Amino acid sequence: MMPMMNSRIENFNRAIKTECLDRIIFTNEHQLRFAVKKYLEYWNHYRPYAGLDGRMMLPYTQDIDGEIQEISFLGGMLHGYRRIKQAA
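Here is a short report on the structure shown in this document.

What counts, and where the lines are drawn
Residues numbered from 1 in each chain as written. Predicted model: local features only at pLDDT ≥ 70, side-chain atom pairs only at ≥ 80, totals over all residues. Heavy atoms only, no water. Salt bridge = Lys/Arg side-chain N within 4 Å of Asp/Glu carboxyl O. Helix = DSSP H or I, 4+ residues; strand = E, 2+ residues; numbered from the N terminus. Buried < 20%, exposed > 50% of the residue type's maximum accessible area, 1.4 Å probe, protein only. Phe/Tyr/Trp six-rings, centres within 6.5 Å; stacked < 30°, edge-to-face > 60°. Expected span 1.5 Å × (residues − 1). Contact = heavy atoms within 4.5 Å. Polar contact = N/O pair within 3.5 Å; in protein donor to acceptor, adjacent residues only side chain to side chain.

### Topic: the pattern of salt bridges
So, point 1. Under the definition given, this model contains three salt bridges.
So, point 2. Across the salt bridge formed by Arg 47 and Glu 19, the nearest N and O atoms sit 3.3 Å from each other. One end of the pair, Arg 47, is in the loop between helix 2 (29–45) and strand 1 (48–49); the other, Glu 19, is in helix 1 (residues 5–19), with 28 residues separating them in the sequence. Each member of the pair, Arg 47 together with Glu 19, is buried.
So, point 3. A salt bridge links Arg 33 to Glu 29; its shortest N-O distance comes to 2.7 Å. Here the residue Arg 33 and the residue Glu 29 both occupy positions in helix 2, the gap between them amounting to four residues, near one helical turn.
So, point 4. Under the relative-accessibility criterion, Arg 33 is labelled exposed at 57%.

### Comments concerning the packing of aromatic side chains
So, point 1. Under the definition given, this model contains eight aromatic pairs.
So, point 2. On the numbers, 5.7 Å between centres and 65° between planes, the contact of Tyr 46 with Tyr 60 is edge-to-face. One end of the pair, Tyr 46, is in the loop between helix 2 and strand 1; the other, Tyr 60, is in the loop between strand 2 (55–56) and strand 3 (67–73), with 14 residues separating them in the sequence.
So, point 3. For Tyr 46, a relative accessible area of 7% corresponds to the buried category.
So, point 4. The exposure class of Tyr 60 is partly exposed, given its relative accessible area of 28%.
So, point 5. Cluster of aromatic residues (ring-pair linked, three or more members): Phe 12, Tyr 39, Tyr 42, Trp 43, Tyr 46, Tyr 49, Tyr 60 and Phe 73.

### Topic: helix 2
So, point 1. Between the first and last C-alpha of helix 2 there are 24 Å, a value that for 17 residues agrees with the 24 Å anticipated at 1.5 Å per step.
So, point 2. As for helix 2, its buried residues are in contact with helix 1, strand 1, strand 2, strand 3 and strand 4 (78–84).
So, point 3. With a side-chain oxygen positioned 3.1 Å from the backbone nitrogen of His 30, the residue opening helix 2 is Asn 28.

Put into structure tokens, the structure is as follows:
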């Protein structure tokens, strides 16, 4: 196991708890799984990281000529941004 893995997991656990799980009241397991799935998409594809100079870990491909659009997660609780070309 990598020596830095423990600190990364602790960072993820803190982030998902404070940015997601502490803000939602779940009434069943399906809701919890849905929220975690959406948070993982945000975490991996939209969340900027200071250690990566503000870049995302696994960003989706961007259309350089596209307009910047806001992508909302979990009812607007989290926000990401992406360049998407508008249909003519």
